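Residues per chain, in single letters:
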Amino acid sequence: MNVKTFLTLEWEDWILEKEISQAVIRRMPRYYRYLGELLEEGVERISSNDLSNRMKVTASQIRQDLNNFGGFGQQGYGYNVQFLYDEIGKILGLNETHNIIVIGAGNLGQAITNYVKFEKFGFIITALFDVNPDLKGQKVRDIPIYMMDQLEDYCKKHQVDIAALTLPKEKADETAKHLVELGIHAIWNFAHVDLDLMDSQVVVENVHLSDSLMQLSYNIVKNSK
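In short, a report on the structure. (Residues numbered from 1 in each chain as written. Predicted model: local features only at pLDDT ≥ 70, side-chain atom pairs only at ≥ 80, totals over all residues. Heavy atoms only, no water.)

## Focus: the nonpolar core
Buried together is how nonpolar side chains tend to be arranged in soluble globular proteins. The line we're drawing: For our purposes a nonpolar core is just a set of buried Ala, Val, Leu, Ile, Met, Phe, Trp, Tyr and Cys residues, chained together by side-chain atoms within 4.5 Å. Only protein chains enter the accessibility calculation, which uses a 1.4 Å probe; a residue is then buried when its area is under 20% of its type maximum, exposed when over 50%, and partly exposed in between. Per the convention used, a helix needs a DSSP run of H or I reaching at least four residues, while a strand needs a run of E reaching at least two, with both numbered from the N terminus.
Formed by 22 residues in total, the largest nonpolar core has its most connected members in L66 and I88. Those elements that place two or more of their residues in this core are α2 (22–40), α3 (48–55), α4 (59–67) and α5 (81–91). When residues of this core are assigned to their parent elements, the largest contribution, seven residues, is made by α2. The next biggest cluster of nonpolar side chains, apart from the first, holds 20 residues, and it includes A127, F129, A163 and L197.

Here is the structure:
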């Protein structure tokens, strides 16, 4: 093992052992997005101050966030944009492929499946599932729709890392527990209910689209006064 490989492994072990706050984790995709835009503009390096001006986050906050993962910057030089983009991608697991199935092939499920940009980040939607017999055999962007009674057999034959739930909240909890039994690693939950799977090792991300609209509504009212 060469020195570079050893140091890389040491760094990865340190990151795994270090407890990073969820607030920091929530900001990492935003850094990744802005760095991607900088690469498209041909920017090779950037200071924390310049990145701060773009992102409307203090330079101190940027440095603190990145220091949780080793820093990546160099005083007097700033950040190498390509290197930092690649490293944040690794932190977010975007250097790997994640297979996704969508439970619920209604409007939201089909809209998520049609969003091709997910594939750029390694999130590959492989199948949709629904209870509506009229949807059986149909496809969304060449991705097949199966019936729910085919879910167990599908999971046995294919690697599934993430299940996106876009079904009514009344069915969400029962379906999520069934997915846990089938060995799903993570659930991306769009059902209008917070899933409680504390007894399992499954990671759950609850997404409430209406919450963003309510926050927007609050700011509209606040700014109109």
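## Thoughts on a nonpolar patch on the surface
Defined as follows: Like-charged residues within 9 Å of one another, or nonpolar side chains (Val, Leu, Ile, Met, Phe, Trp, Tyr) within 5 Å, are grouped into patches, provided each residue has over 30% relative accessible area and no salt bridge. Computed with a 1.4 Å probe, the accessible areas rest on the Shrake-Rupley method; for each residue, only the protein chains presented here act as cover. Salt bridge, as applied in this entry: a Lys or Arg side-chain nitrogen positioned within 4 Å of an Asp or Glu carboxyl oxygen.
A contiguous nonpolar patch, built from L213, L216 and I220 and spanning about 320 Å² of accessible area, is present on the exposed surface. Mapped onto the fold, L213 is located in helix α10 (residues 209–224).

## Quick notes on the packing of aromatic side chains
Inclusion rule: Within 6.5 Å between ring centres, the rings of Phe, Tyr and Trp (the latter by its six-membered ring) count as paired, and their orientation is classed by plane angle as stacked under 30 degrees, edge-to-face over 60, tilted in between.
A complete count under the given rule lists nine aromatic pairs for this structure. A ring pair is formed by F72 and F83, whose centres lie 6.2 Å apart and whose planes are at 65°; its orientation type is edge-to-face. With F72 in the loop between α4 and β2 (79–80) and F83 in helix α5, this residue pair connects regions lying eleven residues apart in the sequence. Since its relative accessible area comes to 39%, F83 is described here as partly exposed. Each ring, one from F129 and one from Y154, has its centre 5.4 Å from the other, and the planes form 75°; the classification is edge-to-face. In this pair, F129 sits in strand β4 (residues 123–130) while Y154 sits in helix α8 (residues 151–157), placing the two residues 25 residues apart along the sequence. In this structure Y154 comes out as buried when scored by relative accessible area, which is 8%. A network of ring pairs unites the aromatic residues Y115, F118, W188 and F190 as a single cluster.

## Re the sheet that holds strand β3 (residues 98–103)
Put simply, the rule reads: In this description, strands pair whenever DSSP reports at least two bridges between them. Here a residue-residue contact requires only that any non-hydrogen atoms of the pair lie within 4.5 Å. To get an axis, fit a line to the C-alpha atoms, keeping to the stretch in contact for a helix; angles then go from 0 to 180 degrees between the N-to-C directions.
Reading across the sheet, the seven strands line up as β5-β6-β4-β3-β7-β8-β9 and stay open at both edges, with mixed pairing between neighbours. The two strands at the open ends of the sheet, each matched to only one other strand, are β5 (139–140) and β9 (203–206). One ladder, built from two bridges, connects β5 with strand β6 (residues 143–147); its direction is antiparallel. What sits directly across from K139, in β6, is P144. Strands in contact with helix α6 (residues 107–114) are β3, β4, β5, β6 and β8 (186–189); relative to β4, the strand with the most contacts, it is inclined by about 160°. Of the strands in this sheet, β3, β7 (162–165) and β8 touch helix α9 (residues 169–181), which is tilted by about 170° from β7.

Any functional reading would require information beyond the geometric quantities listed.
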